[in-house]
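For reference, the chains in residue letters:
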Amino acid sequence: MFELPTVDYPTDGQPGLPQGLRLRPYAGATDVPLIVEIINRELEFDGVPYRATVDDMSARYRHSSEMFDAVRDVTVAEIGEQPVGYGERSWVDTTDG
């Protein structure tokens, strides 16, 4: 199985990087409420009335495919162990046939 490392970014002398920035792989179901909170804060800030739910995100992350597997494709950004962002990677097959 492919394993992503945790990366602690040295921020001394690095303009634009917050002190203590850390990127880590998705840690499983315990991360879902944190990710949902980040999503919902962004939606609220943008004035979007929709809100994500833990149940919906849990279902999405539980059903992996060749194109998306949360364990492989989700990264959580933290500052001082406080989640501040996340990223997802996926791909779409655009070939004909």
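See the structure shown above.
Every chain begins its residue count from 1, and numbering advances along the sequence as written. Per-residue local features of the predicted model are confined to residues with pLDDT of at least 70, and side-chain atom pairs are confined, for both listing and counting, to 80 or more; whole-chain, interface and lining totals are unaffected and use all residues. Hydrogens and waters are ignored; side-chain quantities use all the structure's heavy atoms.

With that out of the way, let us pick up the nonpolar core. Take the buried Ala, Val, Leu, Ile, Met, Phe, Trp, Tyr and Cys residues and link them wherever side-chain atoms come within 4.5 Å; each set so joined is a nonpolar core. Throughout this description, buried means an accessible area under 20% of the type-specific maximum (1.4 Å probe, protein chains only), exposed means over 50%, and partly exposed covers the range between. Tyr-26, Ile-35, Met-57, Tyr-61 and Val-74 are the most contacted members of the largest nonpolar core, which totals 13 residues. Secondary structure elements follow DSSP: runs of H or I no shorter than four residues count as helices, runs of E no shorter than two count as strands, and numbering proceeds from the N terminus. Elements with a contribution of two residues or more to this core: α1 (32–45), α2 (54–62) and β3 (74–79). The element that contributes the greatest number of residues to this core is α1, accounting for five residues. Among all residues touching Tyr-26, those that are not within four sequence positions of it are Asp-31, Val-32, Ile-35, Tyr-61, Ala-70, Val-71 and Val-74. Should any heavy atoms of two residues lie within 4.5 Å, those residues are counted as being in contact.

In this section: the packing of α1 against α2. Relative orientation of the contacting elements α1 and α2 amounts to 120°, with a least axis distance of 9 Å. In terms of their interaxial angle, α1 and α2 are classed as oblique. The chirality of how α1 crosses α2 is right-handed. For the pair formed by α1 and α2, the contact residues are Val-32, Pro-33, Ile-35, Val-36 and Ile-39 on the first element and Val-54, Met-57, Ser-58 and Tyr-61 on the second. The axes used here are C-alpha line fits, helices contributing only the stretch in contact, and every angle between their N-to-C directions lies in the interval 0 to 180 degrees. Any angle that is under 35 degrees is reported as roughly parallel, and any over 145 degrees as roughly antiparallel; angles of 65 to 115 degrees are reported as roughly perpendicular and all others as oblique. The crossing is said to be left-handed when, going from far helix to near helix, the turn is anticlockwise and less than a right angle, and right-handed when the turn is clockwise.

Before going further, it helps to examine α1. Its 14 residues give α1 an end-to-end C-alpha distance of 20 Å, which sits within 8% of 20 Å, the value for a rise of 1.5 Å per residue. Val-32, Ile-35, Val-36, Ile-38, Ile-39, Asn-40 and Leu-43 are the residues of α1 that are buried. Buried residues along α1 sit against α2, β3 and β4 (82–88). Following α1 by one or two positions, Gly-47 has its phi on the positive side, about 75°. Multiplying one less than the number of residues by 1.5 Å gives the expected span of a helix.

Okay, the environment of Ile-79 next. Mapped onto the secondary structure, Ile-79 falls in strand β3. Taking the C-alpha atoms as reference, Ile-79 lies 7.3 Å from Gln-19; in sequence the two are 60 residues apart. Once residues within four sequence positions are removed from consideration, Ile-79 is found in contact with Pro-18, Gln-19, Gly-20, Leu-21 and Val-84.

How two aromatic rings sit relative to each other is given by the distance of their centres and the angle of their planes. Only Phe, Tyr and Trp rings take part, Trp by its six-membered ring, and two of them pair if their centres are within 6.5 Å. Stacked means planes under 30 degrees apart, edge-to-face means over 60, and tilted covers everything else. What the rule picks out here adds up to two aromatic pairs. Relative to Phe-68, the ring of Tyr-61 lies with its centre 5.8 Å away and its plane at 40°, an arrangement referred to as tilted. Phe-68 shares its class with Tyr-61; the two are buried.

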